[in-house]
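# Coordinates in review
For reference, the chains in residue letters:
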Amino acid sequence: MLINLVIKDFMLMKKYLLFLVLFALAAPIVIASQTKDDSLLFLMPFYLIMITEIATYLQVSKFESISRGAAFICATPYTRRTFIEAKYLFVFVTFVGILFAQIVASFLLPSLKTGLNLNAVGAAFLMVSLLFGVLIPCQIKFGFDVVRWIFFGLAFLIPFSLGPILRWYQSLGIHFSFSLPVSQTGQILLMYVFAVVITFVSMYASIKIYEKKDL
Amino acid sequence: MTSILEVNNLTKTYDQFSLDRLSFSLQKGCITGFIGVNGAGKTTTIKSILGLINPEAGSIRFDGMEMNRQEKQIKNRIGFVLDEGYFYGMLTVKEMKNVIAPAYSSWDEQTFSNWIGRFGLNPNQKIASLSTGMRMKFAVALALSHHADLLIMDEPTSGLDPMMRSELMAILLDFMKEEGKSVFFSTHITSDLDKVADMLILIDGGKILLNEEKDTLLDNHARIKGDSRWINERTRPLFLTLRETPYGFEGLTHQKEALRQEMPDAVFERPTIEDIMLAYVGGAEIAH
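Nothing here was measured: the structure is a model prediction, and the numbers come from that model. (Residues numbered from 1 in each chain as written. Chains lettered and ligands numbered in written order. Predicted model: local features only at pLDDT ≥ 70, side-chain atom pairs only at ≥ 80, totals over all residues. Heavy atoms only, no water.)

## Notes on the interface of chain A and chain B
- Every contact between the two is made by 31 residues of chain A and, on the other side, 30 residues of chain B.
- Around 2,700 Å² of area is buried between chain A and chain B when both sides are counted, 63% of it from carbon and sulfur atoms.
- Looking only at chain A, the three residues that lose the most surface to chain B are Arg68(A), Phe72(A) and Pro77(A), adding up to 27% of its buried area.
- The tally of links between chain A and chain B comes to 2 salt bridges.
- Between Lys14(A) and Glu95(B) there is a salt bridge whose closest N-O contact spans 2.7 Å.
- Viewed at the interface, chain B and chain A are joined by 16 residue pairs in polar contact (both at pLDDT 80 or more).
- Only α1 (2–12), α3 (38–66), α4 (69–75) and α5 (79–108) of chain A provide two or more residues apiece to the side of chain A that touches chain B.
- At 7 residues, the largest contribution of residues to the side of chain A that touches chain B is made by α4(A). (Contact = heavy atoms within 4.5 Å. Buried area = accessible area lost by both parts, 1.4 Å probe. Salt bridge = Lys/Arg side-chain N within 4 Å of Asp/Glu carboxyl O. Polar contact = N/O pair within 3.5 Å; in protein donor to acceptor, adjacent residues only side chain to side chain. Helix = DSSP H or I, 4+ residues; strand = E, 2+ residues; numbered from the N terminus.)

Structure below.
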């Protein structure tokens, strides 16, 4: 049942789906062909996953906000719980889709494989979990418009504020260094475990918030 | 007769409106009309039954099952038509069906195809481009394609032309031919119920004012016309509504026999459901 609601979300944005698939395939090739910087290649999956996930989710949320289809679905045996679970599954399926597109792209441009390792993918997975783990419950609680403005605000603020903040931090001369009592593999595994835990905690919170909403 | 749905002490409070400990039950094998003026609480009640609104108190039972505990099983047996369609306009008829159908364990694709064919709906047409009437027909097709036992409809006839309203009434009567089926049908266009309703529930200001068999209700009330001189301190309180003109009076009563004795020459007519609804909703103001 859950997968049908995920398919529904993809159908809502079917007009943009082809563009997103092409973007996920072409963007890494275009960016990688214009840079020799390995650190940038390492960040590529993270960057593309975040951009595409946010664009996809906001697009679907916009369609949800202008129709009352969610109420219709919740009046059927799907229930509110399934509706929310499907939103999280949608984010996950999109994540896997973008990753798959980058694996395909890496066959065309082998240098892209630099960023396709368990560490980089785990970091992206953790960031997506954190971002949507906060975003989805907020959206359910405050509505699409509030969340959209938060995103616009972040999109404008980050490029301007990140540099000065980093310079200020470096000027303080503070160095945090600690080592976890687990191996490198264990640390990577922990990232995945944290991501899954965050997702489930967020999903539980979203279900509870949505249960109280009048549709 | 056994009840298919029981609503007990349903309470929901908004800033300027509340459902006040609403209790009623729907009988199996009956079409129950849920009437009231706009803003009376019909949609809030129906949305509460469908789980779209969270009431502060009260319980809903369907065929012995508690809605809070067996929501999926209950919703599997309920078909619904909501007033504004509530569809994703950007999807086609077929795409929307593909989303909804897997939710129901007893979805019948052949039945759905039959309804789509009968209604002349194009499966590849975008829902946003359907007319109000066609959207309602699509909602009916979805509601009737999983062998629901109870069909809940919220203002399905508002915005429809008389032809389409009549067609919908015929569909309801067809649906009721199968044993054990029930319909709960909210409307402020009471003429729709004249032909099809078995029971009537009148709601106003979030309270149930009447809950009776339609024929009993119509039999117990009368529209009376006569000479204004017959209106006096003894007869005036026997009316629910009373309109006096220099040429005579016209009023509605639920004390037919008493008035027949008081004014034997008056004309007694069978009222319409609308007469009764308006009498109870705004009767006090009209009568005095």
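## Regarding the domain arrangement of chain B
All names here are of chain B.
- Partitioning chain B into structural domains gives domain 1 (3–213) and domain 2 (221–287).
- Just the C-alpha atoms count here: the centres of domain 1 and domain 2 sit 35 Å apart.
- On the domain 2 side, the residues contacting the 12 residues of domain 1 number 6 residues.
- Counting each side, the surface lost to burial between domain 1 and domain 2 is near 850 Å², with a carbon and sulfur contribution of 79%.
- Counting the contacts that link domain 1 with domain 2 gives 1 residue pair in polar contact (both at pLDDT 80 or more).
- Put simply, the parts of the chain that give the side of domain 1 that touches domain 2 at least two residues each are α7 (191–196), β9 (199–204) and β10 (207–213).
- Residue contributions to the side of domain 1 that touches domain 2 peak at 3 residues, all from β9.
- Partitioning the side of domain 1 that touches domain 2 into residue classes produces 7 nonpolar, 3 polar and 2 charged. (Domains from an automatic or database assignment. Nonpolar A, V, L, I, M, F, W, Y, C, P; charged D, E, K, R; others polar.)

## Considering the sheet that holds strand β8 (residues 182–187) of chain B
Residues and elements named next belong to chain B.
- Judged by pairing direction, the sheet is mixed, and its 6 strands sit side by side in the order β6-β7-β8-β3-β9-β10 without closing on themselves. A single partner strand is all that each edge strand has here, and the edge strands are β6 (78–81) and β10. Neighbouring strand axes in the sheet, compared pairwise and without regard to direction, differ in orientation by 15° on average.
- Pairing geometry for strand β3 (residues 31–35) and β8, over 5 bridges, is parallel. Opposite isoleucine 35, over in β8, you have threonine 187 as the bridge partner.
- Across the sheet, helix α5 (residues 132–143) is in contact with β6 and β7 (150–154); its angle to β6 comes to roughly 175°. (Pairing = 2+ DSSP bridges. Axes fitted to C-alpha atoms, helices over the stretch in contact; angles between N-to-C directions.)

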